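Close look at the chain arrangement
Now for the letters of each chain:
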Amino acid sequence: LAPILGMNRGTLLAKISRKKDFVWIARQLDKQTSEAIAKLKIKELELRPEWKRFYPNKFAAGHLIGFAGLDHAGLEGVEFMYDSYLRGIPGWKSTVKDAKQHEVVSKQSELVLPVDGYDLVLTLDVVLQHSADKFLAETCKKYNAVGGVIAVMDPRNGDVLALANYPAFDPNRASQTDTDHRRNRSITDIYEPGSVFKIFTLAGAIEEGLVHATDRIF
């Protein structure tokens, strides 16, 4: 079993030697690995199907969306921020099993159905997001930049339409990504805009009627 799972034999032995009725040995295996284990026909082993979160747009807005862990708890991004809204309420049932561990349906005494979590809709435009990711990656590679950010916003209401970070990462492979690459630079990093931001201060002052275009300011 150890070679198939790519595990150290001693580590595996320590896991299965615990005085417990049930232990996880490995989770979310790919189909090829699962089939190889099934062929061993070890009666004490059980292969269980599990749900897995899948992010169809892969790298797009990965830093903003974040990702969920093995037990579907949000670990980063909006997955983490809104985890209590997204996860819903788990259900449970009280039942009886026979000697072969088969459920006796007629003996089911209590059943509480699970409740779905809420949906979360972002203001992101997936077309703009893919474009921002593409141009940011090309530019950072061209100038050999360590990192970069592109934020695209709707000037009418402030909606974030795209938020690209470089280096990018795929939430589907979060555990295989360097933690520094998962950092949402657009939110965590401090950037001093300097003189390029003065136009916004001036525009705000004119809009509020505090100054006029002909005023001289020391």
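Keep in mind that this is a model prediction, so the values were computed, not measured.

What counts, and where the lines are drawn
- Residues numbered from 1 in each chain as written.
- Predicted model: local features only at pLDDT ≥ 70, side-chain atom pairs only at ≥ 80, totals over all residues.
- Heavy atoms only, no water.
- Pairing = 2+ DSSP bridges.
- Helix = DSSP H or I, 4+ residues; strand = E, 2+ residues; numbered from the N terminus.
- pLDDT = per-residue confidence, 0-100.
- Expected span 1.5 Å × (residues − 1).
- Buried < 20%, exposed > 50% of the residue type's maximum accessible area, 1.4 Å probe, protein only.
- Arc of directions from axis to C-beta.
- Contact = heavy atoms within 4.5 Å.
- Polar contact = N/O pair within 3.5 Å; in protein donor to acceptor, adjacent residues only side chain to side chain.
- Phe/Tyr/Trp six-rings, centres within 6.5 Å; stacked < 30°, edge-to-face > 60°.
- Lys NZ or Arg CZ within 6 Å of the ring centre and 35° of its normal.

**Remarks on the pairing of strand E7 (residues 148-153)**
- Sheet topology note: the E7/strand E8 (residues 160-166) ladder contains 6 bridges and is antiparallel. Within E8, the position partnered with Val149 by the bridge is Asn165.
- In this structure, the hairpin formed by E7 and E8 is closed by a connection of 6 residues, where Gly158 is found at a positive phi of approximately 85°.

**Examining the confidence of the model for the chain**
- In the predicted model, the chain carries a mean pLDDT of 87, and the fraction of residues at 70 or more is 100%.
- No element of the chain has a lower mean pLDDT than strand E5 (residues 103-104), at 82, and none a higher one than helix H7 (residues 126-142), at 95.

**Details of unusual backbone geometry**
- Going from Tyr166 to Pro167, the amide bond is cis rather than trans, its omega being 5°.
- Looking at the element boundaries, Pro167 is found in the loop between E8 and helix H8 (185-188).
- Phi angles above zero are rare outside glycine, and Ala61 is one such case at about 55°.
- Examined against the element boundaries, Ala61 turns out to sit in the loop between helix H3 (31-40) and helix H4 (62-65).
- Not every positive phi belongs to a glycine, and Asn144 is a case in point at roughly 55°.

**Quick word on H7**
- If you check H7, its first and last C-alpha atoms are 24 Å apart, about what 17 residues at 1.5 Å a residue would give, namely 24 Å.
- Taken residue by residue, H7 has Gln129, Ala132, Asp133, Leu136, Ala137 and Cys140 as its buried positions. In an axial view of H7, the angular spread of the buried residues amounts to 125°, which keeps them on one side of the axis. Residues of H7 that are exposed and point more than 90 degrees away from the buried face comprise Val127 and Lys142.
- Against E7 and E8 lie the buried residues of H7.
- Residue Asp125 occupies the N-cap position of H7, its side-chain oxygen lying 2.9 Å from the main-chain nitrogen of Val127.
- Following H7 by one or two positions, Asn144 has its phi on the positive side, about 55°.

**Points about the packing of aromatic side chains**
- Inspection of every chain in the model, using the stated rule, returns 5 aromatic pairs.
- Plain terms: the ring middles of Phe67 and Phe169 are 6.2 Å apart, the flat faces sit at 80° to each other, and that makes the pair edge-to-face. Of this pair, Phe67 sits in strand E1 (residues 67-68) while Phe169 is found in the loop between E8 and H8, placing the two residues 102 residues apart along the sequence. An identical accessibility class is assigned to Phe67 and Phe169; each is buried.
- An angle of 50° between the planes, with centres 6.3 Å apart, marks the rings of Tyr82 and Tyr85 as tilted.
- In textbook terms, an aromatic cluster arises when at least three aromatic residues are bridged by ring pairs, as seen for Tyr82, Tyr85 and Tyr118.
- One Lys or Arg, Arg27, reaches over the ring of Trp24 and ends 4.4 Å from the middle of that ring.

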